[in-house]
Every structure is written in structure tokens, then in C-alpha cells.
Amino acid sequence: MFEDKILFKNANLVINNGEHVGIVGLNGAGKSTFINIIAKKIIWDEGEVTWLNGIRYGYLDQHADIDRTQTVYEYLQSSFTHLYEKNDRLTAIYEKMGEVSDDKELEKLINKSNRILEELTDSGFYDIDATIKKTASGLGVTAFGFDTLIANLSGGQRAKLMLTKLILQDLDVMLLDEPTNFLDVEHIDWLVKFLTGYKKTFMVISHDTDFLDKVCDNIVSIENGSIKKYSGAYTSFVAQHEMAVKQYAEEYERQQAEIKKMEDYINRNKARAATAGMANSRKKMLDRIEVMEKPTFIPDATFDFPCNPLHTKEMLVVDNLEIGYDGVPLLPPISFTLQGDTKLWIRGTNGIGKTTLLKTLMRVLKPIGGNFKFHIAAKPSYLEQDLTFRNLNTNAYGYISDCFPRFNQKEVRTQLSRVGITGDNALKEILHLSGGEQVRIRLLTIMNTTSNILILDEPTNHLDVRAKKALSEAIKKYDGAMILVCHERTFAEELCNAVYDVKQR
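Rules and cut-offs
- Residues numbered from 1 in each chain as written.
- Predicted model: local features only at pLDDT ≥ 70, side-chain atom pairs only at ≥ 80, totals over all residues.
- Heavy atoms only, no water.
- Helix = DSSP H or I, 4+ residues; strand = E, 2+ residues; numbered from the N terminus.
- Contact = heavy atoms within 4.5 Å.
- Areas by Shrake-Rupley, 256 points an atom, 1.4 Å probe, with all protein chains shown as cover.
- Lys, Arg positive; Asp, Glu negative; His and termini not counted.
- Charge placed at Lys NZ, Arg CZ, Asp CG, Glu CD.
- Core = buried A, V, L, I, M, F, W, Y, C linked by side-chain atoms within 4.5 Å.
- Buried < 20%, exposed > 50% of the residue type's maximum accessible area, 1.4 Å probe, protein only.
- Pairing = 2+ DSSP bridges.
- Axes fitted to C-alpha atoms, helices over the stretch in contact; angles between N-to-C directions.
- Parallel < 35°, antiparallel > 145°, perpendicular 65-115°, else oblique.
- Left-handed = near helix turned anticlockwise from the far one by under 90°.
- Nonpolar A, V, L, I, M, F, W, Y, C, P; charged D, E, K, R; others polar.
- Phe/Tyr/Trp six-rings, centres within 6.5 Å; stacked < 30°, edge-to-face > 60°.
- Lys NZ or Arg CZ within 6 Å of the ring centre and 35° of its normal.
- Salt bridge = Lys/Arg side-chain N within 4 Å of Asp/Glu carboxyl O.

As for the overall build of the chain
Looking only at helices and strands, the chain features 16 helices and 16 strands. A separation of at least 24 residues holds for 71% of the contacts in the chain among residues at least 6 apart in sequence. About 26,500 Å² of surface is accessible on the chain, with carbon and sulfur atoms providing 48% of the total. The positive charge centre, built from 62 side chains, and the negative charge centre, built from 69, are 6 Å apart in the chain.

Points about the nonpolar core
Grouped together as the largest cluster of nonpolar side chains are 51 residues, with contacts concentrated most on Leu 76, Met 174 and Phe 211. Looking at this core, the element that brings in the most residues is helix α6 (residues 155-168), giving six residues. Contact partners of Leu 76, with chain neighbours within four places excluded, come to Ile 132, Ala 136, Val 141, Phe 146, Leu 161, Thr 164, Lys 165 and Leu 168. Residues Phe 389, Tyr 397, Leu 444 and Leu 454 belong to the second largest nonpolar core, which totals 42 residues.

Observations concerning the sheet that holds strand β14 (residues 453-457)
The strand order across the open sheet formed by five strands is β13-β14-β15-β11-β16, and the pairing between neighbours is parallel. Strands at the two margins of the open sheet, each flanked by one partner only, are β13 (380-383) and β16 (498-501). Across the sheet, the mean angle from the axis of one strand to that of its neighbour is 15°, orientation sign disregarded.

A short note on the packing of helix α5 (residues 128-138) against α6
The contact between α5 and α6 brings their axes to 10 Å, and the two run at 135°. In terms of axis orientation, α5 runs oblique to α6. Once α5 is placed against α6, the crossing between them reads as right-handed. Of the residues in α6, those in contact with Thr 131, Ile 132, Thr 135 and Ala 136 of α5 are Thr 164, Ile 167 and Leu 168. Its residues placed into classes, the contact of α5 with α6 shows four nonpolar, three polar and no charged.

Details of the pairing of strand β5 (residues 218-223)
Here β5 lies mainly inside the structure; five of its six residues are buried. Where strand β1 (residues 20-24) lies against β5, four bridges are found, and the strand directions are parallel. Residue pairing for β5: Ile 23 is matched across the bridge by Val 220. Both β5 and strand β6 (residues 226-231) contribute to a ladder of six bridges, which runs antiparallel. Looking at the pairing, Asn 218 lines up with Ser 231 of β6.

Section: the sheet that holds β1
Picture the strands of a sheet paired through backbone hydrogen bonds; they go either parallel or antiparallel. In space, the six strands of this open sheet follow the order β2-β3-β4-β1-β5-β6, with mixed pairing throughout. The sheet terminates laterally at β2 (57-60) and β6, the two strands that pair on one side only. Each strand axis lies, on average, 15° off the axis of its neighbour in the sheet, ignoring direction. Helix-sheet contacts for helix α9 (residues 234-269) involve β1, β5 and β6, and the interaxial angle to β6 is about 130°.

Things to note about helix α1 (residues 31-38)
Of all eight residues in α1, seven are buried; the element is thus mostly enclosed. Along α1, the residues that are buried comprise Lys 31, Thr 33, Phe 34, Ile 35, Asn 36, Ile 37 and Ile 38. Along its buried surface, α1 packs onto β1, β2, β3 (173-177), β4 (201-205), β5 and β6. Once α1 finishes, Lys 40 follows within two positions and takes phi at roughly 60°, a positive value.

Remarks on the packing of aromatic side chains
Across all of its chains, the model carries twelve aromatic pairs by this definition. Between Trp 51 and Tyr 57, the aromatic rings sit 4.0 Å apart at their centres with planes inclined by 5°, giving stacked as the arrangement. Both rings, one in Phe 125 and one in Tyr 126, keep their centres 5.1 Å apart while their planes meet at 85°; by these two values the pair is edge-to-face. In this structure an aromatic cluster arises from ring pairing among Trp 190, Phe 194, Tyr 198 and Phe 202. A cation over a ring is seen here: Arg 282 above Tyr 265, with NZ or CZ 4.2 Å from the ring centre. Taking NZ or CZ as reference, Arg 347 lies 5.2 Å from the ring centre of Trp 345, over its face.

Some details on the pattern of salt bridges
Applying the stated criterion across every chain, the model contains twelve salt bridges. In this structure, the salt-bridge partner of Glu 19 is Lys 229, at a minimum N-O distance of 2.7 Å. Here Glu 19, found in the segment before β1, pairs with Lys 229, found in strand β6; they are 210 residues apart in sequence, far enough to count as distant. For Asp 170, the salt bridge is made with Lys 200, and the minimal N-O distance between the two is 3.3 Å. Note that Asp 170 is positioned in the loop between α6 and β3 and Lys 200 in the loop between α7 (185-196) and β4, a separation of 30 residues in sequence. Exposure remark for Asp 170: the relative accessible area of 44% places this residue in the partly exposed category. Its relative accessible area of 26% is what places Lys 200 among the partly exposed residues.

In C-alpha cells, the structure reads:
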């Protein structure tokens, strides 16, 4: 149970050694809660979570607080703490060997040191530096600078750093919650190759269906309070799932019809002496029936961005713009021109400065040099990557009410239902909504503002498959311009008619 809502009931799941498992479900179904339970970060109400003795597992929690006083390299080096401790024991044995005169004692120490030396060699201890550099390079962490303090990294860079450390730990089981959210296309390709060849076990939450199709051989679906495992990659799961949903709905209807038939019989016959015994017998049978949960209907989100098109060749002109912090440019000067119907994909490695560019264009940050100019009639709508809310303790209803005081109570509810926030979810504190539900709320604010240029920073982060499809359809219908930062290649390529590659100096 979570926030007075039962997420799973009588749920059972077995994960076997070497399986590559994708975890899927709609926003708010409980995927992150489930993986937190498995990692024993959240206490569950009933049942058991059992790990095989000796299993080493780790959890990629992008919101975890890590020691920011460490450098990037020190943090990655800590992946091998157990090996460094073992090496310290070996050093201590060598020192003791120099002090021992008894031959038998010396032989024992030699044998012990040889065992530890062999263990260190087999564990790759003497190749740690090369291993760190190889993995860090594959995920783009090298670009941060190994001597950089973690305190100076962005949230996305820290998430990438934590993923790198998790991989370096060579665990028996990795638990990954949306690992591609802060990876660019090149580094997603590296992760796909790594996970495909991974000999051990991992479980991964992701809404990137292409990614799941490439790396998973089993899919766990969470819906209707149940957890069900399907064999095969994501494409195979979709076909199996559609059939299972149809069968469940049919079985539910059959059971409901049988229950109604029994209740009608009981009501007709319980008052007559001649048939009261039969009615009582049917009542006992009815009480023993395990009633199926009613199939949950989760409304689809419907996105729509009102547009007042501006037919111009110069919606935005960027001329030798320099962006960065504290007067230090992150990138070479940037120049491009956006027309009134251009949909531009800003592409580049994670942490290179794409978000900084958007924040500069939206005047959240001041430019260091150069200039940019929107058309005098330009009306941008901006979705930030960071899901910041003024007050996380307010609920979705209160947030939209504050943003749009013109809406009455019914209209606020109607607006929230457009993006799939209905019922109790509308009154739940934003802090306790899923990442996907928070994105929907932010998108709703844009839906109530007429614009002619959308500026979207990673809009697909956290959105489930159905919501992403709805967002894609809405953008296709949008008659204005767009600047899009997105790590999902398929999503971006389907929507954009121009690309700007951000490159370092």
C-alpha cells in the first residue's frame, strides 16, 4: 500500500539468474515503488522479498544524495572498495612475512597471500584504472573531467556518474530506474551493447520501447494491482499482453455474470422454507469465490498545444551566441536561424550544454557573448527538464488552480482529466505523484497558453508509451516552430525537420 492506495495485491514474481528483465506499466502504476521494494528501500505491508544468499545487488536511484566533496574519479574508484581492502590485507601479510622466522607460520602466510593475490588478479584489481576509463568513456563521463568535484556536476551528469559506478561494481543483479533519461544517443548505444552482452541479471524500468526491445529477454508488466511476467522482448510482450488483457476482461465479465446469477437465486429463495437450504448453500459457494479485480481503465492523455502561427523566415536568429556560467563559455559561438515552421532537434552529448542553451534563450541565464533575437510577435512556451514546482506539498488540483485562477472547480478537474490525472490523483501531493504524472501537469500549463514556438527540454522523460504517442501526435498537429532537446532518437526524428549538433570546443 502506498499513500492509502493498494499498488499490488497477492503479487508473485521469480527472477532467475542471467535474466534481462524490463519493467513496464503506465504512469502511476507503481513501477518505481516496486523496484524500491525489491531494493528494500521501502517497507512493504505483507508478503516476502527474498534474495538468494550472497547475491550482490545495487539500485540506480537518480535522486540519491551522494558525497559531493569527492572528485569524479574518487567516486568511481569507490566501486572497488572491497578490492582495495583486500589489497590492504595482502600488504599487511607481506609486512608480517618479513617479521616471521618460523617456517610453518611463513608457509601459511605465503599460501594465504597467494590466494588473495589470485583473487585480486581474477577480479581485475590490477586493471582498475583502465576499466574505469573504458566505462567512463562509454557513458560520456570522461568529458566531465576526472578531477571535477561532484558538487559542480548537473543533476543529469550525477545520474550518469551513478550509472557508471553501478556498472563498475560488477554486481550479480542491477536494478535500473530509467537509465537512459540522461544519456544521449551515442551513450545509449554503448549501454545497449553492454547490457546485451551482460552475463548477469538486471531489471530495468524504461519507457523507451526501442531500448527495451534490444536489451530485454523478459518483460514484467504492472497493472490492475498485479505483477505479471512475460517471456520475450518488448515486441513479443505487446502481442501477449493484448491477448491477456482481452482474456482477463472476458473472464471478469463471465465471473460477474455468474455472481449475479447466484445472487438472484439467493434473493429469490432465501425467504421460502422449501428452498432456504439451497439458497444458504449457494451463499456459502458465493462467499468462497475469489472475486477478480475489475479491469482498471486509465484514461489516455490528450495533449493539444494551441498555436497562433507566425509565417516568418526569422522566428529566432541566434548570432555567435556564447553560453556558460561565471563568464566561462561552455561551447564555441552558436549561430542558427529558425523559421516559423522549423522543428529543430538540438542534438549533442549529455552535459555538453543543451539545457544551458535553452535556458539562455528563455532568459533564465544571461548570455556571455553574442546575441539572439526572437521575432517581435514570437510567443514561446517552455518545458524545463527539471521538474521544479514551487511547492511539492500542493496537489495537482491546487497547482492548476493557482496557475489559472479563471478556472472554476469543475473546469480544473476537466483540465486535469485531459492529461490523465483523475480521481484521487488530482488531490494527491505532487511530491507523491510519479515522474510521468508530474510531466503531464507541466505540459497542461503549456496547453492553456497560446504560442507559436514550443521549447521542449527532454519532454519524454518519465512518460509512458501511450502518453509519448499522444505527445507526438499533438506536436505533429502543432503549426508553429519547435526547439526540441530529446535523447530518444525515434521520437525526435519523427517530429523534426532540422538538426543542430552541439559540439565542444
